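Descriptive analysis of the structure
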Amino acid sequence: MGMSAGYVGILSIELHFPENRSLKGKRGYVSSAKAQLQQRFGAAVAEVDHHELWQRAGLTVALVARGHRELHDLLDGAERYLGSQVWELGRCEREVVWRE
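In this report, we go over the structure that sits alongside the text. (Residues numbered from 1 in each chain as written. Predicted model: local features only at pLDDT ≥ 70, side-chain atom pairs only at ≥ 80, totals over all residues. Heavy atoms only, no water.)

1. Overview of the side chain of Glu-14
Within the fold, Glu-14 resides in strand S1 (residues 6-16). The buried category is assigned to Glu-14, whose relative accessible area is 17%. Polar contacts involving the side chain of Glu-14 include one to the side chain of His-50, which spans 3.4 Å. Residues contacting Glu-14, with those up to four places away along its chain left out, are His-50, Arg-56, Ala-57, Gly-58, Glu-88, Leu-89, Gly-90 and Arg-91. (Helix = DSSP H or I, 4+ residues; strand = E, 2+ residues; numbered from the N terminus. Buried < 20%, exposed > 50% of the residue type's maximum accessible area, 1.4 Å probe, protein only. Polar contact = N/O pair within 3.5 Å; in protein donor to acceptor, adjacent residues only side chain to side chain. Contact = heavy atoms within 4.5 Å.)

The following block contains the structure:
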């Protein structure tokens, strides 16, 4: 019995917190973003860059879906959510991997 196809979407995102003045404040923004992405989209999220900077964070977000359209809807929703918050959305790159 073969395995079904599946899709993985990866977002590489930079967030900018222009009003932030401390690493503690940044941790609050990043924790909130991670929790919301996990709850709303079932995403796995890791902070991967700019650890030492107060006003920037680099996140990698992974999303999984059975179908191509479903995955793109999840990616669009996650990007839209991040772009609608108090921080600024910087660079955002996507990669889609699938298994047939």
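Still to come is the rest of the account.
2. Looking at the pairing of strand S3 (residues 56-65)
As judged from the 10 bridges shared by S1 and S3, these two strands associate in the antiparallel manner. From the neighbouring strand, Leu-11 faces S3, where its bridge partner is Val-61. Examined bridge by bridge, strand S2 (residues 44-49) and S3 share 5 bridges and lie antiparallel to one another. By the bridge assignment for S3, Glu-47 is matched with Leu-59. (Pairing = 2+ DSSP bridges.)

Spatial relationships are all this shows, so hold off on functional conclusions.
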